[in-house]
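Spelled out, the chains give:
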Amino acid sequence: MVPPARTRNEEAAFGTGPDQEAFSLWPRHRLPGLTRRELLIAGMAISSVPLWGHFPAQAAEPMAFSEIAPGVYVHTGRHELQSADNRGDMSNAGFIVGDDAVAVIDTLGSAQIGADMRAAIKSITDKPIRYVINTHMHPDHVFGNVAFRDDKPEFVAHHKMARGLSARAETYLNNTKSALGEAAFAGTEIVLPTLEVQDKLTLDLGGRELVLEAQPAAHTDNDLIVTDAKTGTMFLGDLLFSEHIPTLDGSLRGWLTVIDKLESSPPARVVPGHGPASMEIPAALADEKRYWQTVAGDVRKLIAEGKTLSDATKTAGQSERGKWEMFDQYHVRNVTAAFAELEWE
Amino acid sequence: MLSKIASCFTVRRIAGVVTALMLAMPVAAIASDDDDPWPDLQKSVFGDRQIVEGDGVVTIEAPERAEDPAVVPITISVPATVQGPLRSMALIIDKNPAPIAAKFEFGPAAGSGGERRMTTRVRVDTYTFIRAIVETEDGKLHMAKAFVKASGGCSAPAPKDADGANADIGKMMVRSYEPEQAQTALRDGLVMIKHPNNSGLQIDQVSRGYVPAWFIRDIEVKRGDDLIFNADLGISISTNPNLRFTYVNDPDGNNAVQVTAIDSARTTFTGASANRALAN
Ligand SMILES: [Zn+2]
């Protein structure tokens, strides 16, 4: 497990080496609401990046997973851009264990980190991995798919995901390769869905049903919500960001509609695509909703005043600065996308 | 006048639709592998004509870093101190696969005084200079440039909501903004056209080939019978082409704007603003 926000220097300061158990040094603020047991299940984690250099092939210890509900496991990634150091471990991913089989939900951002994830799953359950579900097309959620290919699962996604990912394949691969470096990128390739969700699909893991629902354009135009009916746990993918600024690659208006829908019939718990392992509605959605309403409100006002996109990138949503990690990396892009959408109203 | 060339494509990927444009394009503009493509570009586009840089006739505003390389806002301004009509203006992105993003020719309704502005959005493929070259009434060329850090703008699949984006191709939104003071010399107009403006550098997921270039190529904007500008646009212009411009304000007359646009498939789109602005 890679402690989400720690740098190698901080590790050195803490005096942890690759042979030591390091769970006592976890940044617990990243894992709110977890019990001691859940933390322990997450494993005797240490950094997969030894102090003396990079071993890109695999982590020394299993990647950490928290059991947020019986049989429902979540790994939380770092709030960072892709890098050789994080090897694409910058989003949340999970798996659900039924009586007969396992379903993986998102696979992180490289073949190697995907292999680490698979190894961690195998250390927890020996049931076969029958489904690998992608919540949407983004590289940090799908580039680990290839690590599961030998399990011969169905790769499941929204029916528009293959189109979106294929259209961006070259760009995503090139960008990921240059950000991760050759070593950490090695083995990464795109694995497209083999089973597409038109509207709604139920998967049976043996005594356990997963309900998959294709969403209208929101975070992307291919967002899929996965609900474990048994525990009322809903994997929202990047329809929910917490701590990490939300990023818009679909439709702002569509996203706000999805948020309203979630608020009107909240599940027992939700898993964000970026943020803590488990959260509850409505608190989970509050920050994200406020952010998008602020951006939409500011952008609409500027459009009505006859202002330009360039004006909007300098002022819209600036009241949100300081409330999010990665604000400087994504906010202006969000405003650009929001403006280009809302100016047609 | 500038030679009539436009678009954004590479030598390696010659699609039928752009072959005719290729033929019209001076070889030097696409054959150079030099780090600085500008000297060859300049020669190709302007021949031996002298270009004066930084004389205050034109300024260009662009973000230092393009947060979304497929939608980079650019504003070109000619300050009020410059008197007389402008003949033409070129927007050039040095290191884009096809550098000439747009070429404008101005008519009488573009005005001959006051601060003149043109704002649009472009794709930027890599770290590059972006230049505006304005031709004044006396035939002299004036240049301003800005350096923009970006990557991948030309091949980025721009539509974020692919079905939503293709739902109403050709839909136009045209606006005329009421100026704060009725007697002001210039007012603002806006033309927005729903069009994918495919660059020809995006991958088709089914055929694994390149999506053919398909873009708004010509646009004519008038106030009544008077031309504001004609533009030749290339595939460096972003999806849903967007032009914000100044034009002569008639304090008690007709300020409605009429637009005719033709895409590379020779489909014509038209639109017009209401006489009074929707917002000010
Ligand atoms: Zn995402």
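Reading the values: the criteria
- Residues numbered from 1 in each chain as written.
- Chains lettered and ligands numbered in written order.
- Predicted model: local features only at pLDDT ≥ 70, side-chain atom pairs only at ≥ 80, totals over all residues.
- Heavy atoms only, no water.
- Helix = DSSP H or I, 4+ residues; strand = E, 2+ residues; numbered from the N terminus.
- Buried < 20%, exposed > 50% of the residue type's maximum accessible area, 1.4 Å probe, protein only.
- Polar contact = N/O pair within 3.5 Å; in protein donor to acceptor, adjacent residues only side chain to side chain.
- Patch = residues over 30% accessible without salt bridge, like charges linked within 9 Å, V, L, I, M, F, W, Y side chains within 5 Å.
- Areas by Shrake-Rupley, 256 points an atom, 1.4 Å probe, with all protein chains shown as cover.
- Salt bridge = Lys/Arg side-chain N within 4 Å of Asp/Glu carboxyl O.
- Lys, Arg positive; Asp, Glu negative; His and termini not counted.
- Charge placed at Lys NZ, Arg CZ, Asp CG, Glu CD.
- Donors = N, O, S within 2.8 Å, 3.2 Å for Na, K, Ca; no water.
- Tetrahedral: all angles 85-135°; square planar, octahedral: opposite > 155°, others 65-115°.
- Axes fitted to C-alpha atoms, helices over the stretch in contact; angles between N-to-C directions.
- Left-handed = near helix turned anticlockwise from the far one by under 90°.
- Contact = heavy atoms within 4.5 Å.
- Nonpolar A, V, L, I, M, F, W, Y, C, P; charged D, E, K, R; others polar.
- Core = buried A, V, L, I, M, F, W, Y, C linked by side-chain atoms within 4.5 Å.
- Pairing = 2+ DSSP bridges.
- Phe/Tyr/Trp six-rings, centres within 6.5 Å; stacked < 30°, edge-to-face > 60°.
- Lys NZ or Arg CZ within 6 Å of the ring centre and 35° of its normal.
- Arc of directions from axis to C-beta.

**Q** What exactly am I supposed to notice about the side chain of A:N86 here?
**A** All names here are of chain A. Looking at the secondary structure, you find N86 in the loop between β2 (72-75) and β3 (93-97). The class of N86 is buried, set by a relative accessible area of 0%. In this structure the side chain of N86 is engaged in a polar contact, spanning 2.9 Å, whose partner is the side chain of E80.

**Q** Where do I start with a negative patch on the surface in this structure?
**A** Residue and element names in this part refer to chain A. A cluster of acidic residues, D99, D100, D204 and E209, forms a negative patch on the protein surface. With respect to the helices, strands and loops of the structure, D204 is situated in strand β8 (residues 200-204). On the accessibility criterion, D204 (41% relative accessible area) is partly exposed.

**Q** Please clarify how the coordination of the zinc ion should be interpreted in this entry.
**A** Tetrahedral coordination by four donors sets the ideal angle at the metal to 109.5 degrees; octahedral coordination by six donors sets it to 90 or 180 degrees. Residues and elements named next belong to chain A. For the zinc ion, the full set of protein donor atoms is H136 (NE2), H138 (ND1), H219 (NE2) and D238 (OD), and the range of their distances to it is 2.1 to 2.2 Å. Given four donor atoms and angles of 87 to 168 degrees at the metal, the environment of the zinc ion is assigned as irregular. The sequence pattern formed by the donor residues of the zinc ion is H-x1-H-x80-H-x18-D. Note that H219 is positioned in the loop between β9 (209-214) and β10 (224-228) and D238 in strand β11 (residues 233-241), a separation of 19 residues in sequence. In this structure H219 comes out as buried when scored by relative accessible area, which is 0%.

**Q** Sorry, what's going on with the packing of helix α6 (residues 252-264) of chain A against helix α7 (residues 283-304) of chain A here?
**A** Between two packed helices, what matters for the description is the angle formed by their axes and the separation of those axes. All names here are of chain A. Orientation of α6 relative to α7, taken along the N-to-C sense of each, is 145 degrees, at an axis distance of 11 Å. As α6 packs across α7, the resulting crossing turns out to be left-handed. Where α6 abuts α7, its residues L252, R253, W255, L256, I259, D260, L262 and E263 lie against L285, E288, K289, W292, Q293, V295, A296 and R300. Split by residue class, the contact of α6 with α7 holds nine nonpolar, one polar and six charged.

**Q** Before we go on, may I ask you to explain the nonpolar core in this structure?
**A** Nonpolar side chains tend to gather and get buried jointly when the protein is soluble and globular. Grouped together as the largest cluster of nonpolar side chains are 48 residues, with contacts concentrated most on B:I219 and B:F229. Not counting the four nearest positions on each side in its chain, B:I219 is found in contact with B:V191, B:I193, B:F229, B:N230, B:A231, B:L233, B:L243, B:V259, B:T260 and B:A261. Of all hydrophobic cores here, the second largest spans 41 residues; its members include A:F241, A:L256, A:L302 and B:A156.

**Q** Would you mind going over the interface of chain B and chain A with me for this structure?
**A** In many reports, interface size means the accessible area that the parts give up when they come together. At the junction of the two partners, chain B supplies 30 residues and chain A supplies 32 residues. Joining chain B to chain A, the criterion identifies two salt bridges. Across the salt bridge formed by A:K314 and B:E61, the nearest N and O atoms sit 2.7 Å from each other. The interface formed by chain B and chain A contains six residue pairs in polar contact (both at pLDDT 80 or more). Secondary structure elements with two or more residues in the side of chain B that touches chain A: α4 (162-166), β9 (172-177), β10 (186-193) and β13 (242-248) of chain B. In terms of residue count, the dominant contributor to the side of chain B that touches chain A is β9(B) (three residues). Residue classes in the side of chain B that touches chain A are distributed as 13 nonpolar, five polar and twelve charged.

**Q** I'm lost on the sheet that holds strand β7 (residues 195-197) of chain A in this one. Help?
**A** The strands making up a sheet are joined through hydrogen bonds of the backbone, oriented either antiparallel or parallel. Residue and element names in this part refer to chain A. Taken in spatial order, the seven strands make up an open sheet running β1-β2-β3-β4-β5-β6-β7, and their pairing is mixed. The open sheet is flanked by β1 (66-69) and β7, the only strands paired with a single partner. Taken pair by pair, the neighbouring strands of this sheet meet at an average axis angle of 25 degrees, ignoring direction. Pairing geometry for strand β5 (residues 129-133) and strand β6 (residues 154-158), over three bridges, is parallel. Among the inter-strand pairings, V132 is bridged to a residue of β6, identified as F155. Helix α3 (residues 111-124) contacts β2, β3, β4 (102-105) and β5 of the sheet and is inclined by roughly 30 degrees relative to β3.

**Q** Explain the sheet that holds β10(B) here, please?
**A** All names here are of chain B. The six strands are arranged β2-β3-β6-β13-β10-β9 in an open sheet whose pairing can be described as antiparallel. Edge positions in the sheet fall to β2 (59-61) and β9, since each has one partner strand and no second. Neighbouring strand axes in the sheet, compared pairwise and without regard to direction, differ in orientation by 15 degrees on average. Two strands pair when backbone bridges link them, and β9 and β10 are joined in this way by six bridges, in the antiparallel orientation. Within the sheet, the bridge partner assigned to R175 lies in β10 and is L190.

**Q** Explain the packing of aromatic side chains here, please?
**A** For any pair of aromatic rings, geometry is given as the distance between the ring centres together with the angle between the planes. A complete count under the given rule lists twelve aromatic pairs over all chains for this structure. Taking 6.2 Å as the distance between ring centres and 50 degrees as the angle between the ring planes, the aromatic pair formed by A:F241 and A:W255 counts as tilted. In this pair, A:F241 sits in strand β11 while A:W255 sits in helix α6, placing the two residues 14 residues apart along the sequence. Comparing A:F241 with A:W255 shows no difference in burial state: the two are buried. When the ring of B:F104 is compared with that of B:F229, the centres are 5.6 Å apart and the planes differ by 80 degrees; the resulting orientation is edge-to-face. Taken together, the residues B:F104 in strand β5 (residues 100-106) and B:F229 in strand β12 (residues 226-233) connect sequence positions 125 residues apart. Taking NZ or CZ as reference, B:R244 lies 4.2 Å from the ring centre of B:Y177, over its face.

**Q** I'm lost on helix α3 (residues 38-46) of chain B in this one. Help?
**A** Within an α-helix, residues lying three or four positions from one another point in the same direction, as the helix has 3.6 residues per turn. Residue and element names in this part refer to chain B. The complete set of buried residues in α3 reads W38, L41, S44, V45 and F46. Taken end-on, α3 shows its buried residues confined to a sector of 160 degrees, consistent with a single buried face. Phi turns positive one or two residues past the end of α3, at G47, with a value near 60 degrees.

**Q** Got a minute to help me understand the pattern of salt bridges in this structure?
**A** Pairing between side chains of opposite charge can happen when their charged atoms approach one another. For the coordinates displayed, the defined rule picks out 30 salt bridges over all chains. With a shortest N-O distance of 3.4 Å, A:R253 and A:E345 are connected by a salt bridge. Remark: A:E345 occurs in the segment after α9 (327-342) and A:R253 occurs in helix α6; sequence separation between them is 92 residues. For B:D94, the salt bridge goes to B:R131, with nearest N and O atoms at 2.8 Å. Placement of the pair is B:D94 in the loop between β4 (86-93) and β5 and B:R131 in strand β7 (residues 128-136), with a sequence separation of 37 residues. The pair formed by B:D94 and B:R131 is uniform in burial state, with each residue classed as buried. Where salt bridges share partners, they join A:R253, A:R300, A:E341 and A:E345 into one cluster.

**Q** Help me understand unusual backbone geometry, please; the structure alone is not making it clear to me.
**A** Glycine aside, residues mostly have negative phi, and peptide bonds are mostly found in the trans state. Geometrically, the link from A:I281 to A:P282 is a cis peptide bond, its omega value of 10 degrees lying close to zero. Counting through the fold element by element, A:P282 comes out in the loop between β12 (269-274) and α7. In the Ramachandran plot, B:R266 falls in the positive-phi region, its phi being about 65 degrees despite a non-glycine side chain. Relative to the assigned elements, B:R266 resides in the loop between β14 (257-263) and β15 (268-272).

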